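Geometric and topological summary
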Amino acid sequence: GGHVSFTSPITFDSMVDDYINVRKDPDLNDFMSSLPQISTWGDLDYGERGGGSSWALKGDSYLAFSLFWPNSSHKTYNYTFFDYGTYQRYAYNDVDVFLLDSKTFKSDNNATLYGDKQIERLFQEIKNNVTTFTIIASPSPFTFESKESFMNYKKQFDYFMYRLRISGANGIILLSGGSTDDSTRINKYDLTQKNWKGKVKPFYPLYEFNISSLGQNNFSSVSVNG
C-alpha cells in the first residue's frame, strides 16, 4: 500500500488521473514489470488519512484501486457479490500470502480495524492450509506502536493473536506498512507470554517486518529459500 497520494479535491476522476501520473514514472514501471505484483491499500491509496468505513468516497476509491491493481478482482477466497474490501489470499508453491485490509472496515472508536468477517475468513483459510510459510501482510503495523497500529484496537488485537496461537499455522511472518521513519524495522513478538480469557498456549515467536511505502522511495526484500 501507499503507492499514490491523491490530490485535493478528491473525486473519482482525480483518483484515476493521480494513478495514471504515478504509473508514468519509468523507474516504477521497470520495477513493476520485473516481477509479479499484488497490492493492498494504505492511507494514501484509500484516499483519506486515518479515515475508516464512514468515508463517503470509499466505493470510488475501491473502483480506482481495482482498475490499477488487477489482483483485486482475482481473489482466491470463495467471494460472493456481497463481499467487499481488498483482503485476499495468494498461494505460491508452499507459501501462503494473506493481504489484509485495514481501511474498509475500520471503526472510528477503536473497536475494529479489520472487521469480524475479514478475520474469520483469514483464520478459516489458515486452518485449511498446509503450507510451510504463512505471510500475513497489512498496511497497518501489527506489533509496533503508532497511531495506526493494530495494538490500539486492544480487544480485536488480543483475539487475533489468540486465534494465531491456536491456528497451528507454520512459519508465520508478519509484514506491515505504515513505517513512520521511512525505513524497515523488525520486531519480535512473543505470543507465549500473551493470553486471551486466561488461556495460554506455547507458540514460536512472531517476527514482524514494518516497511515504509513505495511512495516514499523505500522497499525491502524478504527471501524464502528451500
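Coordinates for the structure precede this section.
Here we summarise the structure given alongside this text. None of these values were measured; they are calculated from a predicted model. (Residues numbered from 1 in each chain as written. Predicted model: local features only at pLDDT ≥ 70, side-chain atom pairs only at ≥ 80, totals over all residues. Heavy atoms only, no water.)

A closer look at unusual backbone geometry
Here the amide bond leading from S8 into P9 is cis, since omega sits at -5°, within 30 degrees of zero. Note that P9 resides in the segment before helix 1 (12-23). Even without being a glycine, N110 presents a positive backbone phi close to 60°. Mapping N110 onto the fold places it in the loop between strand 2 (95-99) and helix 5 (116-128). By relative accessible area, N110 is classed as partly exposed at 39%. (Helix = DSSP H or I, 4+ residues; strand = E, 2+ residues; numbered from the N terminus. Buried < 20%, exposed > 50% of the residue type's maximum accessible area, 1.4 Å probe, protein only.)

Some remarks on the nonpolar core
Counting residues in hydrophobic clusters, the biggest one holds 23 residues, and the most contacted among them are F160, L164 and L206. Of all the elements in the fold, those that place two or more residues in this core are helix 5, helix 6 (154-167) and strand 4 (172-176). Those residues in contact with F160 that lie beyond four places of it in its chain are L100, I119, L122, F123, F142 and F150. Ranked by size, the runner-up nonpolar core spans 14 residues in total, among them M15, Y19, W55 and F68. (Core = buried A, V, L, I, M, F, W, Y, C linked by side-chain atoms within 4.5 Å. Contact = heavy atoms within 4.5 Å.)

Considerations on the pattern of salt bridges
Going through the model one piece at a time under the given rule, you end up with 5 salt bridges. Taking the shortest distance from any N to any O, the salt bridge between R163 and E120 comes out at 3.1 Å. On the criterion of sequence distance, the pair formed by R163 in helix 6 and E120 in helix 5 is long-range, its members being 43 residues apart. Classification of R163 as buried rests on a relative accessible area of 17%. According to the relative accessible area criterion, E120 is partly exposed, its value standing at 36%. (Salt bridge = Lys/Arg side-chain N within 4 Å of Asp/Glu carboxyl O.)

Some points on the environment of Y204
Following the sequence through the fold, Y204 ends up in the loop between strand 5 (184-189) and strand 6 (206-211). For Y204, a relative accessible area of 31% corresponds to the partly exposed category. Sequence separation between Y204 and I172 is 32 residues, and the spatial gap between their C-alpha atoms is 9.1 Å.

Points about the sheet that holds strand 1 (residues 88-92)
As summarised here, the arrangement of the 6 strands in space is 1-2-3-4-6-5, forming an open sheet in which the pairing is mixed. Each end of this open sheet is capped by a strand with a single partner; those strands are strand 1 and strand 5. Sheet twist, expressed as the mean angle between neighbouring strand axes with direction ignored, is 20°. In this sheet, strand 4 lies alongside strand 3 (residues 133-138) in parallel orientation, the contact comprising 5 bridges. Residue pairing for strand 4: I136 is matched across the bridge by L174. Sheet strands in contact with helix 5 are strand 1, strand 2 and strand 3, and its direction is about 175° off that of strand 2. (Pairing = 2+ DSSP bridges. Axes fitted to C-alpha atoms, helices over the stretch in contact; angles between N-to-C directions.)

Nothing here speaks to function; it is all geometry.
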